[in-house]
Amino acid sequence: MSFAILVDITRCIGCEECVLACKDENDLGPDRLRPGQEAVSGLSATRYSTILRYPNDHFVRHQCRHCLEPACVSACLVGAMQKTPEGAVVYDSSLCMGCRYCLVACPYGIPRYEWDEAAPLVQKCTLCHHRLVEGGVPACVEACPEDALLFGERDELLAEAHRRIAQNPGKYVDHVWGETEVGGTSVLYIADMSLGFLGWSDKLGETALPHLTWASLKKVPWMVVGMGSLMGGIYWVVNRRMKLAARAADGAPFHADPVPIDTDAAHFVTDEAPSDTDHPAAPAEERGTDHD
Amino acid sequence: MTRRLTTLKTVLWFLVGVLASVTVIRFAHGLGAVTNLSDAAPWGLWIGFDVMSGVALAAGGFVLAGIVYIFGLERYRPFVRAAILTALLGYALVAAGLLYDLGLPWRIWHPIFHWQWHSVLFEVAACVMLYLTVLVLEFLPVVLEHRFFQGEFFQRMVKVLKRFTIVLVIAGIILSTLHQSSLGSLFLITPYRLHPLWYSPIIYVLFFVSAVGLGLMTVVLESLFSNYFLGHKVHKREVSGLGLAASVLLWIYVVLRLGDLAFRGVLGMALDGTWQANLFVAEMALSAVIPAALMLYKPVRSSMTGVGVAASMVVGGMIWHRLNVSIVAFARPEGVGYFPSWEEFAVSFGLVAAGILVFLFFVENLNVFDDVKGHPPEEPPGYDPEAARSFLPGSLALPRRYSVAVLAGAVLALPFLPLSGVPPRPVPVQGPRSVEALILDRGEAEIRTLMFAGAAHLSPASVAGSVAPGTLQTARVLLLDGNRDGDVVLFHHDDHAERLGGDRSCETCHHLTKPLDQNTSCAECHRDMYEPMSVFHHGVHVERLGGNQGCVDCHTGETTVKSYETITECSDCHRNEIAQRAFVKAPPPRWGEAVGYMDAMHGLCVACHEREARMDPGQRPEGLDRCMTCHNVDWREDVQRLQPRPRSAEWVVGGTGSASRAAGQGGSMP
């Protein structure tokens, strides 16, 4: 079962009860200006969720979207970020080494870092995972006095979102943000305005970001095998040629180390030493005749 | 030892001294103290330069090893040892740079035990660790040539290592191919943040090809530097050969990069005149096109100056490319910039300086450039009478000179460092504005209410009908960000001054303020909105509990003193009256206090409202369980002050704040 939150922007009055409940639940303490921060009202290490104010009484709740296939989870090299079966993306601070690739990877720019700590950690919304496992609901959902936040199974919430849009055709923009973006998220939005500004791009595609890196990563075994056989093969051919050339030249015994190459042996690797074509008859450097 | 080498070393030692001071502050106070990194720019110079560029610059190691050992082009052998040493030091510096950049550097070993196959960074980390090991094994025979290691054990070790040379070289090539390309793959996951001119589905191919070209040019540049500073022989024919090889690879890089842009249909973006487009054109010209074209001309290629210029362009240009990918062309929220702090530069340069010093140490004591068996350097340990005379005389002149340089660097850096950590910054406050307000004054017993006069339905004319004549006045009051939360409230300065004691009251708010604050915030005095307070009424309790018989209901012990210290907790009786959403979750063991005003009101009202609305939806007013039932500005003036947030657009002032809230909470004058 995968839980989700449905945010109905048309119902939010911007009272910030959810923000306070979140700060209280997660014991985040008072806001203070972190390095690089201009106002305390944005997301920060002491604010897992916040309310963005937009013209005409639009209040947009900003928090971790708990993507179905999270970029941060695939980015973390030690597995400190995990997507739980309950739907939450949680962070294990005991594994984190502080590389901050999760901050780089997130398509919504959510994770925050404790820049002014000597032993800093990543901070982000956990969907109150500790409450979910006990059968509870996230603190923000519980605190919302206007029912702007709905908590439940993701499928049911999607159905509810579409039902609301269908019942109020003029009211809502016909789009459920989070249904398909970056492969779908566990925090869904319906609104009477476009919420494209919430991500790094107005139009986040439907591809889950981990697929993009996996396209390159899955080639690794083939690269190892391919590069290994290619290099081994070239070495074998070159070495054998040099051995034959050396034997033909003075009948010297075979030498385990690569022996100096002569111009005969070089012609089939001109790509790597194009200058050979400039000096086809150049004699080997005198140092080259020393066996290693 | 030449004078120019002495000067170089002095400068390098100075940089190491600066590095030492910055290091202390970095680890004592964290990243925020010495860097300009932020949530918007999580990766900065230390990743872009030390890691991205450092790894690419060290590519010469595996390229030269491949050329000589695999392709058998023996005439490049004189470059191999220096290239491998450079690679070894380069990767060591990458690891050192990571120790600075990682938030929790003491966990740098975590990837060895915690594997996450789907992370590109894991692959990079694994490859870099393995390749560093391979490089150490590749370079170890050179170290073991030294006369300190002539024992039988070491010589046997050399034999074993040499037997595995080809295996090590091939392993090095595989590992390098993997992580040189994977440094590019790191950015595959940021299609929406990295500018399309730099983002590419084949970015890993571009990183690999450019790294090979860059590696060749680094070897060239290094050879020229060792000629300049150490007087080593330049192998001119081979240097120009490397230049031509680099040219071929750079052309492949150019074709791949432009071809990919064309294939994706964004080539036009490169010429549309935006700063990114100009950056792209300049970067491509400097890093690849111009040097690659230069290297095609034989006169330029044969001149060491020509090759040096081209190599410098490639090295500079490719560092620039890596910085562009990881920093410059990487999207940040609007208005948030990133430029490295001087400490970040100091660490990057200091690490490079340390690397060069180690390189020089190896070159002076081992056969790095003269790859001839049994031929340790015959130069005496560098004593240069001229250099010594110019500084402190004596046989320790140079070591002393360098020690002074380190000390000077370390001391000179200190005044510029945040020795006590990240300085706290004042919370930004919206500047106060003078605005017109309505004051509803219904006599001494009633609470006076401030209202924002800008709202249409609250003009004096519209309100006048609903209130008693003479109770409504207009006045100019301040609109200020009283609680430093970005929300403005109406503030009647004269009224505060009057209540607090006239002219002598200024200091209450304007003198004993907190550091970095201009004046005391509202909440410092108006705490009762949020904080629990002592409001226990003993008389009421005595009466309700039936006079003196009721004493033992609270003062339970028969023989104990009947005092505050021995009292039963309020919550023991008033268990069901604790506000559901009170900020104070767990009352202290002996709390004789009531919850704050807001919690008390919410706790008393909201639960019942919600219950009634749910049980009897048809009979109750619509939205009984909604905030607006009580906090609605359209309701009577005496509940308007409870209104938490703006209701209509014209009330929003200054873009972020809400004047309606001002008309409510902040404006109610106690």
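Quick caveat, the model's predicted, so the values are computed rather than measured. (Residues numbered from 1 in each chain as written. Chains lettered and ligands numbered in written order. Predicted model: local features only at pLDDT ≥ 70, side-chain atom pairs only at ≥ 80, totals over all residues.)

A.B. asks: Looking at this model, I keep getting lost on the overall build of chain B. Mind explaining?
C.D. replies: Counting its secondary structure elements, chain B contains 28 helices and six strands. Of all 670 residues assigned to chain B, the portion counted as buried reaches 41%. For chain B, restricting intrachain contacts to residue pairs at least 6 apart in sequence, the fraction spanning at least 24 positions comes to 71%. (Helix = DSSP H or I, 4+ residues; strand = E, 2+ residues; numbered from the N terminus. Buried ≥ 20, exposed ≤ 12 C-beta atoms within 10 Å, placed from the backbone. Contact = placed C-beta atoms within 7 Å.)

A.B. asks: Would you take a moment to explain the overall build of chain A for this structure?
C.D. replies: What chain A contains, in helices and strands, is nine helices and nine strands. Burial analysis of chain A (292 residues in total) assigns 46% to the buried set. For chain A, the proportion of contacts with a sequence separation of at least 24, taken over those separated by at least 6, is 59%.

A.B. asks: Help me understand unusual backbone geometry, please; the structure alone is not making it clear to me.
C.D. replies: Comment: phi is negative for the bulk of residues other than glycine, and the bulk of peptide bonds are trans. All names here are of chain A. Phi angles above zero are rare outside glycine, and H66 is one such case at about 50°. Mapping H66 onto the fold places it in the loop between β3 (58–62) and α2 (71–75). One non-glycine residue with positive phi stands out, namely D147, at about 55°. Tracing the sequence through the fold places D147 in the loop between α5 (139–143) and β8 (149–153). Note on D147: 12 C-beta atoms within 10 Å, which makes it exposed.

A.B. asks: Got a minute to help me understand helix α8 (residues 220–250) of chain A in this structure?
C.D. replies: One turn of the α-helix equals 3.6 residues, which is why residues spaced by three or four share an orientation. Given a rise of 1.5 Å per residue, 31 residues ought to cover 45 Å, and the 44 Å separating the end C-alpha atoms of α8(A) matches this to within 8%. Listed in full, the buried residues belonging to α8(A) are M231(A), V238(A), N239(A) and M242(A). (Expected span 1.5 Å × (residues − 1).)

A.B. asks: Could you clarify how one ought to interpret the interface of chain B and chain A in this entry?
C.D. replies: In many reports, interface size means the accessible area that the parts give up when they come together. Listed by partner, the interface residues are 75 residues for chain B and 84 residues for chain A. At the level of elements, α1 (3–29), α2 (31–34), α4 (60–70), α5 (77–101), α6 (110–113), α7 (120–144), α9 (165–185) and α11 (236–264) of chain B are the ones that each hand at least two residues to the side of chain B that touches chain A. Take the side of chain B that touches chain A: its biggest share by element is seven residues, from α9(B).

A.B. asks: Would you mind going over the confidence of the model for chain A with me for this structure?
C.D. replies: As a general rule, the predicted coordinates of low-pLDDT regions are not to be interpreted in detail. Across chain A, the average pLDDT comes to 84, with 85% of residues at or above 70. With pLDDT under 50 throughout, residues 261–292 of chain A is counted as low confidence; its partners more than four residues away or in other chains account for 53 contacts. (pLDDT = per-residue confidence, 0-100.)

A.B. asks: Just checking my understanding: could you explain helix α12 (residues 275–294) of chain B for this structure?
C.D. replies: Residues and elements named next belong to chain B. With 20 residues, α12 should cover 28 Å at 1.5 Å per step; its first-to-last C-alpha distance of 27 Å lies within 8% of that length. A285 marks the point of greatest bend in α12, at about 50°. Among all positions in α12, only F280, E283, S287, A288, P291 and A292 are buried. (Bend = angle between axes of the 7 residues up to and from the residue.)

A.B. asks: Whenever I open this one, the packing of α4(B) against α9(B) confuses me. Can you help?
C.D. replies: Between two packed helices, the angle of one axis relative to the other and the distance separating the axes together describe the packing. All names here are of chain B. At a minimum axis separation of 9 Å, α4 and α9 run at an interaxial angle of 140°. By the angle class used here, α4 and α9 are oblique. You can see that α4 and α9 cross each other, and the crossing is left-handed. Residue-level inspection shows F62, A65, G66, Y69 and I70 of α4 in contact with α9, the latter providing T165, I166, V169, G172, I173 and S176. Split by residue class, the contact of α4 with α9 holds seven nonpolar, four polar and no charged. (Axes fitted to C-alpha atoms, helices over the stretch in contact; angles between N-to-C directions. Parallel < 35°, antiparallel > 145°, perpendicular 65-115°, else oblique. Left-handed = near helix turned anticlockwise from the far one by under 90°. Nonpolar A, V, L, I, M, F, W, Y, C, P; charged D, E, K, R; others polar.)

A.B. asks: What exactly am I supposed to notice about the environment of L6(A) here?
C.D. replies: All names here are of chain A. One can find L6 in strand β1 (residues 3–8). The class for L6 is buried, based on 23 C-beta atoms found within 10 Å. Along the chain, L6 and G152 lie 146 residues apart, while their C-alpha atoms are 8.3 Å from each other. The residues touching L6, leaving out its near neighbours within four places in the chain, are L150, L157, E160, A161 and L188.

A.B. asks: Looking at this structure, I do not really get the environment of A277(B). What am I missing?
C.D. replies: All names here are of chain B. Along the polypeptide, A277 turns up in helix α12. Along the chain, A277 and L197 lie 80 residues apart, while their C-alpha atoms are 7.7 Å from each other. In this structure, A277 is in contact with M269, A270, L271 and D272, ignoring residues within four places of it in sequence.

A.B. asks: Teacher, can you tell me more about the packing of α11(B) against helix α14 (residues 304–328) of chain B here?
C.D. replies: Residue and element names in this part refer to chain B. Contact geometry for α11 and α14: axes closest at 10 Å, N-to-C directions at 35°. With respect to the hand of their crossing, α11 and α14 are arranged in left-handed fashion. Contacts from K236, V239, S240, G243, A246 and L250 in α11 reach M304, V307, A310 and V314 in α14. Here the contact of α11 with α14 is composed, by residue class, of seven nonpolar, two polar and one charged.

A.B. asks: What exactly am I supposed to notice about the pairing of strand β9 (residues 187–190) of chain A here?
C.D. replies: Side-chain direction in a regular strand flips from residue to residue, so the side chains alternate between the two faces of the sheet. All names here are of chain A. Neither face of β9 is open: one carries V187 and Y189, the other L188 and I190, and all of them are buried. Direction of pairing for β1 relative to β9: parallel, over a ladder of four bridges. What sits directly across from I5, in β9, is V187. (Pairing = 2+ DSSP bridges.)

A.B. asks: Would you mind showing me how to read the sheet that holds β1(A) here?
C.D. replies: Hydrogen bonding along the main chain pairs the strands of a sheet, whether they run parallel or antiparallel. Residues and elements named next belong to chain A. In spatial order, the strands read β8-β1-β9; together these three strands make up an open sheet with mixed pairing. Taken across any chain shown, the strands that pair with only one partner, and hence form the sheet edges, are β8 and β9. Across the sheet, the mean angle separating the axes of adjacent strands is 25° when strand polarity is ignored. Helix α6 (residues 154–167) contacts β1, β8 and β9 of the sheet and is inclined by roughly 135° relative to β8.

A.B. asks: Is there a simple way to think about the environment of L5(B) in this case?
C.D. replies: Residue position: L5(B) is located in helix α1. Linking L5(B) and G268(B), residues 263 residues apart in sequence, is a C-alpha distance of 49 Å.

A.B. asks: Help me out: how do you make sense of the confidence of the model for chain B in this one?
C.D. replies: Residue and element names in this part refer to chain B. Residues with a pLDDT of 70 or more make up 76% of chain B, whose mean pLDDT is 80. In this model residues 579–587 is a low-confidence stretch, pLDDT under 50, and it forms 18 contacts with partners more than four residues away in sequence or in other chains. Below pLDDT 50 for its whole length, residues 633–670 participates in 99 contacts with residues either more than four positions away or in separate chains. Note on the complex model: pTM 0.76, ipTM 0.83.

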